[in-house]
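Residue strings, one per chain:
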Amino acid sequence: MAAHLSSGRVNLTALREAGRRELREFLDKCAGSKAIVWDEYLTGPFGLIAQYSLLKEHEVEKMFTLKPGRLPQADVKNIIFFVRPKLELMDIIAENVLREDRGRSPQRDFHILFVPRRSLLCEQWLKEQGVLGSFIHREQYSLDLIPFDGDLLSMESESAFKECYLESDQTSLYHAAKGLMTLQALYGTIPQIFGKGECARHVANMMIRMRREFPGSQNSIFPVFDTLLLLDRNVDLLTPLATQLTYEGLIDEIYGIQNTYVKLPPEKFAPKKQGEGGKDLPTEPKKLQLNSAEELYAEIRDKNFNAVGSVLSKKAKIISAAFEERHHAKTVGEIKQFVSQLPHMQAARSSLANHTSIAELIKDITTSEDFFDNLTVEQEFMSGIDTDKVNNYIEDCIAQKHPLIKILRLVCLQSVCNSGLKQKVLDYYKREILQTYGYEHILTLNNLEKAGLLKPQMGGRNNYPTIRKTLRLWMDDVNEQNPNDISYVYSGYAPLSVRLAQLLARPGWRSIEEVLKMLPGPHFEERQQLPTGLQKKRQHGENRVTLVFFLGGVTYAEIAALRFLSQMEDGGTEYVIATTKLINGTSWIKSLMEKLEPAPF
Amino acid sequence: MSRARADEEEYWHSSKFRAFTFDDEDDELSQLKESKRAVNRLRDIVDDDDDDDDLERVSWSGEPVGSISWSIKETASSSTSSLEGRDSSLQKGSSSYAAFPKPVSSYSLSSLFKGELCLSLSALSDTGAKNYAPELRRPKAEYKDYSSDWSPKDTVRRMQRGKVCSLERFRSLQDKLVLLDEAVAGHDGNVITAVTLIYFTPLYISLFPIEILFRELEVRQVALCHLIHFLKETGEQKLLLDLLRFLDRTEEVALSQYREHLNIQDVEKRREFLKGCIGLPFSAEDTSHVQDHYTLLERQIIIETSDRHLETAGQSEIFRKYPRKASILNMPLVTTLFYSCFYHYTEAEGTFSSPTNLKKTFKIPDKQYVLTALAARAKLRAWDDVDALFTTKNWLGYTKKKAPIGFHRVVEILQKNNAPVQVLQEYVRLVEDVETRLNLATKYKCHDVVIETYRDLKDRIQLTAYKCKVERGSADEEKINSILNNMVRNTY
């Protein structure tokens, strides 16, 4: 089930196992049959830790989604709420408990499991509603870093960026530090910590403090990671705004990947049996899991989309040839061998069929005129063309009432690529947006300003060209088929964040001191002393392992770029990626928008 | 087996799906075709029945059988049916609680503190104290005691781990500050908020002027941020505004107050509220936006009242012919302008509902105005209005066609509204760029324009080629022939 987690340089199965063990221990505390009431948001992340079978082995018989009103009937001894510590969820739980039929026998026992942390405020809230005493077990489940793939961990904390940069609430940073401590407990203390940004500084401080305060965390595990690189998202606001052009990135941009699953329009995936005729074409979206367990997907996910077609066609030929083999199988032994390979070939065939369909769906979009126009404008901005005046395309999009998020993405991109917009340009955009989409979006525009995504240019200075040139963020000759630089993931633009990681590994940040000073927040280096016995003696030619932690979110294209660096022959560094949330420009901007009441009709 | 293959072929090549296939041959992705064909060919080799393969089993929705979200549906469905009759209102509807109205008003800070120092967390210990959250590493010391004599540091540390502890002993302001500093150093927002809140108990609020409490916090910015976040989340508006005002964060005060209008459903009350917002200390531009917001809603209320009346009376033809789909209240400005161009186009500038009045009041740019008016009039197929929109007269009385948005855009909008070819070609002709003009004309079958353009370009070859695009024996064909003949004559 979790083979893909152990495929990378660091075996992340251990982390998953730790999570499963903790879950089992908790379930066993509530003796007898149980029903779990889920905070719906948690089912996705939990699915990456455990399947229903694990819960069933521990007498979980029913599962419900948390909803106001009365709890559904279920003949179980225990009702367990799995929830995030959010006040609005406490209200629902209180209602559920209060409406429980007291006369029923036998009585059901209530328990509550907070993920990732118990909250005093929430418990106080429950107490005020008079239900706190109803809970026998109130515990926490530290689901901080969830393994998504062999080289990828995420906290799936949706609002982390907003909380850190808009509300100065650092709770998610505390959780990040906690998650890193867990990781160190399993994989050894990380000897070197680098960081850039305010939040990175905080997390490093917390880690050092926690290590000092909990002597128990001194472990005798040989360190797996050589370096930890903490990066603030606000050091690189540009990258998530651009449209990702890798296969996985585009799937996420267009359909949104949630906890490694994607939902796709069903028409392309009609059931294979045609006997029933065309009338019951599926209407429910087709859901697919996407991770490196699927051989073909692992191969194409990080490629530029323009290089995917040729791989699929090559695969098709190989599979065809493999099936043709059956004609040459003469002896019983040969036939037997062919048959024994069938399951694997069949899996490959079905995988090829799925990705051929997905590629077709994506191609419909990437070949559309609007996609092209949008991309052209993005690339102009990123290469520094015409960033200081009102852009015609953006104006047209507003006039045609394209989705607001698209407009905001473009305007923010322009602002970031110009170190802020000229006051006149900014005012013009704002006015157009408010007149077309409604004045209440003043609130959203203010949030974007506070986050630094949309701002007036200070002192008339534009630093972006210097940053672009020094870090080589724009590459004119990009090779999409056989890339030689990370810029292939955006067909020209090399993600700033990943460039920082690359330059840190070689030749080191000292070479870019000037540019680092132009980017927000401090940059720093810390060392965690290890007992002499644990100090690494590197074998010649052995790669270093760096954990890059993106505070505030990371995109699939950035992940692809880091994987590309890991695979470079003379790279010398392999990367494992951690983040507070997997994001794309749309989900990111959305998290910063003011939640408006639905229209009154 | 051959039947199965035929079925498969039919599936992949049936017209329904052809729409998705790639047609330009030299595209790299046309290679997908190949892989698709291969996939098809393989189908009939492989056993049709997928149930016994060793792939992960997936239910149709794609959820792997046995995954948590799949199981929720599965295990819940049995009980849903039994409940449906009794309590269907709860079972149906959106499954996300976000859709349920959040009882904002019920969150009040004061309810958190019914008694003095209610946040003494020892009260929480009634049942749960003996259970420890499972942790990866657990220092032995924690098993031992429940002494309430924790130092500030230990208290914070315990709170961070969700352990029970009493805050009652931190009685003096000084003690509280030490505790708060510890909490801030720990960075756990949950704990920081909880500790910060012990400043705002009824006892404290009654003993000290609120400014003194605020001042204590002022030097602890982190604590303040958490408090502000908490007050926002719980909708404790009054204390929030007091605090922001004290901190001189006036713009935030203004925005935070303005945000409140979203919770007011009644339009009259909302209008009144917005009027009150105008004087708030926004930035200069935001002030003018808020002013516009108020003026717009005021205008919409007037228009809505009168139009609803007109509509129900059934006297006005336009409302009879095109009944309104929704009320105009709370719509954006541009939508309102569209509405006004649709229903009130000919009204004099003096009336509130006339487009020109809206344009003037809100200083709508020419481009925006023309686009909106064009879309509205085209939708009504009022081609004369469309024509008038682009006609300008100079002082000699000559008329000239001019469009601030470019005629290619005009054509697009007209085309979207199914304008007839005669109307369309008039504007296609006005597109300046020859290539764009040819493209549009060919796309929308404005034969006249295509023919004339090729004639002007003296492009015999293209013109001859275009002959096959027009109907045989039609006037268009004749026209082409005569031009071609003329060209021949001129050449020789």
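Going by the annotation in an unreviewed UniProt entry, the name recorded for chain B is Spermatogenesis-defective protein 39 homolog, with Halcyon senegalensis given as the source organism.

In the annotation of an unreviewed UniProt entry, chain A is listed under the name Vacuolar protein sorting-associated protein 33A and assigned to Halcyon senegalensis. Among the UniProt annotations of chain A, the heading Sequence similarities (unreviewed entry) holds the following wording: "Belongs to the STXBP/unc-18/SEC1 family."

A. The arrangement of the overall build of chain B in detail. The helix and strand tally for chain B stands at 27 helices and two strands. Looking at chain B as a whole, 46% of its 492 residues qualify as buried. In chain B, of all internal contacts separated by at least 6 residues, the share reaching a separation of at least 24 is 47%. Of the roughly 25,700 Å² that chain B leaves accessible, carbon and sulfur atoms contribute 52%.

B. Structural context of the overall build of chain A. The number of helices and strands found in chain A is 22 helices and 15 strands. Relative to the compact-globule value of 25 Å for 601 residues, chain A shows a C-alpha radius of gyration of 26 Å, a close match. Dimensions along the principal axes, computed over C-alpha positions, put chain A at roughly 75 × 75 × 70 Å. When each of the 601 residues of chain A is scored for burial, the buried share is 62%. The contacts of chain A with a sequence gap of at least 6 include a subset with a gap of at least 24, amounting to 79%. Carbon and sulfur atoms make up 51% of the accessible area of chain A, which amounts to about 22,500 Å² in all.

C. Local environment of the sheet that holds strand 9 (residues 227-232) of chain A. Residue and element names in this part refer to chain A. One open sheet holds the seven strands; their spatial order is 6-7-15-14-9-8-13, and the pairing between them is mixed. Single-partner strands in this sheet number two, and they are strand 6 (146-149) and strand 13 (523-527). Pairwise comparison of adjacent strand axes, ignoring direction, gives a mean angle of 20 degrees for this sheet. Relative to strand 15 (residues 573-579), strand 14 (residues 544-551) runs parallel, the two being bridged by seven bridges. Counterpart to L547 in the pairing with strand 15 is V576. Across the sheet, helix 21 (residues 556-567) is in contact with strand 7 (152-154), strand 14 and strand 15; its angle to strand 15 comes to roughly 160 degrees.

D. Structural detail: the confidence of the model for chain A. Per-residue confidence for chain A gives a mean pLDDT of 90; residues scoring 70 or more make up 95%. Segment residues 274-278 of chain A is flagged for pLDDT under 50; beyond a separation of four residues in sequence, or across chains, it makes two contacts in the model.

E. Representation of the pattern of salt bridges in the model. All names here are of chain A. Inspection of every chain in the model, using the stated rule, returns 53 salt bridges over all chains. Here E542 makes a salt bridge to R9, at a shortest N to O gap of 3.6 Å. Taken together, the residues span a long stretch of sequence, with E542 in the loop between strand 13 and strand 14 and R9 in the segment before helix 1 (13-29) at a distance of 533 residues. You can call R9 partly exposed: its relative accessible area is 35%. Salt-bridge contacts for R563 lead to D302; the nearest nitrogen and oxygen are separated by 3.2 Å. With a gap of 261 residues between them, R563 in helix 21 and D302 in the loop between helix 10 (295-300) and helix 11 (308-328) connect regions that are remote in the sequence. Among the residues examined, R563 registers a relative accessible area of 8% and is labelled buried.

F. Quick peek at the side chain of Q244(A). Residue and element names in this part refer to chain A. Relative to the elements of secondary structure, Q244 occurs in the loop between strand 9 and helix 9 (247-255). According to the relative accessible area criterion, Q244 is buried, its value standing at 0%. Within the structure, Q244 has its side chain in polar contact with the side chain of E253 (distance 3.0 Å). Within polar-contact distance, the side chain of Q244 engages the backbone nitrogen of A557 at 2.9 Å. Not counting chain neighbours up to four residues away, the residues in contact with Q244 comprise G249, L250, D252, E253, V489, Y490, T555, Y556, A557, I583 and N584.

G. Spatial organisation of a nonpolar patch on the surface. There is a patch of nonpolar side chains on the surface, built from W395(B), L396(B) and Y398(B) and spanning about 480 Å² of accessible area. Of note, Y398(B) is situated in the loop between strand 1 (391-393) and strand 2 (399-401).

H. A look at the sheet that holds strand 2 (residues 60-65) of chain A. Residues and elements named next belong to chain A. The sheet built from five strands is open, its strands ordered 2-1-3-4-5 with parallel pairing. In the strand order of this sheet, the two ends are held by strand 2 and strand 5 (135-140), each with one partner. Direction aside, neighbouring strands of the sheet carry axes that sit 20 degrees apart on average. The sheet contact formed by strand 1 (residues 34-38) and strand 3 (residues 78-83) spans five bridges and is parallel. Residue pairing in the sheet places A35 in a bridge with I79 of strand 3. On top of the sheet, helix 2 (residues 40-47) reaches strand 1, strand 2 and strand 3; it is set at about 110 degrees to strand 1, its chief contact. The sheet strands contacting helix 4 (residues 87-98) are strand 3, strand 4 (109-114) and strand 5, and the helix crosses strand 3 at an angle near 170 degrees.

I. The side chain of S491(A), seen in detail. Residue and element names in this part refer to chain A. Within the secondary structure, S491 sits in the loop between helix 18 (464-470) and helix 19 (496-505). Taking relative accessible area as the criterion, S491 reaches 11% and is therefore assigned buried. If we ignore the near neighbours within four places in the chain, the residues touching S491 are L245, N304, Q379, W474, V478 and E480.

J. Looking closely at helix 18 (residues 333-343) of chain B. For helix 18 of chain B, the tally of buried residues reaches nine of eleven residues, placing the bulk of the element in the interior. Turning to helix 18 of chain B, its buried residues number three or more, namely L333(B), V334(B), T336(B), L337(B), Y339(B), S340(B), C341(B), F342(B) and Y343(B). In the core, the buried residues of helix 18 of chain B are packed alongside helix 16 (423-437) of chain A together with helix 16 (284-313), helix 17 (317-321), helix 19 (355-361) and helix 20 (366-379) of chain B.

K. The arrangement of the nonpolar core in detail. With 209 residues, the main nonpolar core has L55(A), F82(A), L230(A), L453(A), L500(A) and F549(A) as its most contacted residues. A total of nine residues in this core trace back to one element, the largest contributor, which is helix 15 (residues 404-416) of chain A. Once you skip the residues sitting within four places of it in the chain, F549(A) turns out to touch L145(A), M155(A), A176(A), L180(A), L228(A), L229(A), L230(A), L231(A), A578(A), T579(A) and T580(A). Membership of the second largest hydrophobic core comes to 62 residues, among which are C122(A), V184(B), L227(B) and V253(B).

L. Examining unusual backbone geometry more closely. Going from V115(A) to P116(A), the amide bond is cis rather than trans, its omega being 0 degrees. Here the residue pair R506(A) and P507(A) is connected by a cis peptide bond, since its omega of 5 degrees sits within 30 degrees of zero. With respect to the helices and strands, P507(A) occurs in the loop between helix 19 and helix 20 (513-518). Positive phi is not limited to glycine here, since R381(B) has a value of about 55 degrees. With respect to the helices and strands, R381(B) occurs in the loop between helix 20 and helix 21 (383-390).

M. Region of interest: the packing of helix 16 of chain A against helix 16 of chain B. Direction vectors running N to C along helix 16 of chain A and helix 16 of chain B enclose 20 degrees, while the axes themselves pass 12 Å from each other. Looking at the two axes, helix 16 of chain A sits roughly parallel to helix 16 of chain B. Helix 16 of chain A and helix 16 of chain B meet at a crossing whose hand is right-handed. For the pair helix 16 of chain A and helix 16 of chain B, the contacting residues are Q423(A), D427(A), K430(A), R431(A) and L434(A) in the first and E285(B), S288(B), H289(B) and D292(B) in the second. Classifying every residue of the contact of helix 16 of chain A with helix 16 of chain B gives one nonpolar, three polar and five charged.

Procedures and definitions
Residues numbered from 1 in each chain as written. Chains lettered and ligands numbered in written order. Predicted model: local features only at pLDDT ≥ 70, side-chain atom pairs only at ≥ 80, totals over all residues. Heavy atoms only, no water. UniProt positions renumbered as here; feature names shortened; annotations may be inferred. Helix = DSSP H or I, 4+ residues; strand = E, 2+ residues; numbered from the N terminus. Buried < 20%, exposed > 50% of the residue type's maximum accessible area, 1.4 Å probe, protein only. Contact = heavy atoms within 4.5 Å. Areas by Shrake-Rupley, 256 points an atom, 1.4 Å probe, with all protein chains shown as cover. Rg over C-alpha atoms; globule rule 2.2 N^0.38 Å. Pairing = 2+ DSSP bridges. Axes fitted to C-alpha atoms, helices over the stretch in contact; angles between N-to-C directions. pLDDT = per-residue confidence, 0-100. Salt bridge = Lys/Arg side-chain N within 4 Å of Asp/Glu carboxyl O. Polar contact = N/O pair within 3.5 Å; in protein donor to acceptor, adjacent residues only side chain to side chain. Patch = residues over 30% accessible without salt bridge, like charges linked within 9 Å, V, L, I, M, F, W, Y side chains within 5 Å. Core = buried A, V, L, I, M, F, W, Y, C linked by side-chain atoms within 4.5 Å. Parallel < 35°, antiparallel > 145°, perpendicular 65-115°, else oblique. Left-handed = near helix turned anticlockwise from the far one by under 90°. Nonpolar A, V, L, I, M, F, W, Y, C, P; charged D, E, K, R; others polar.

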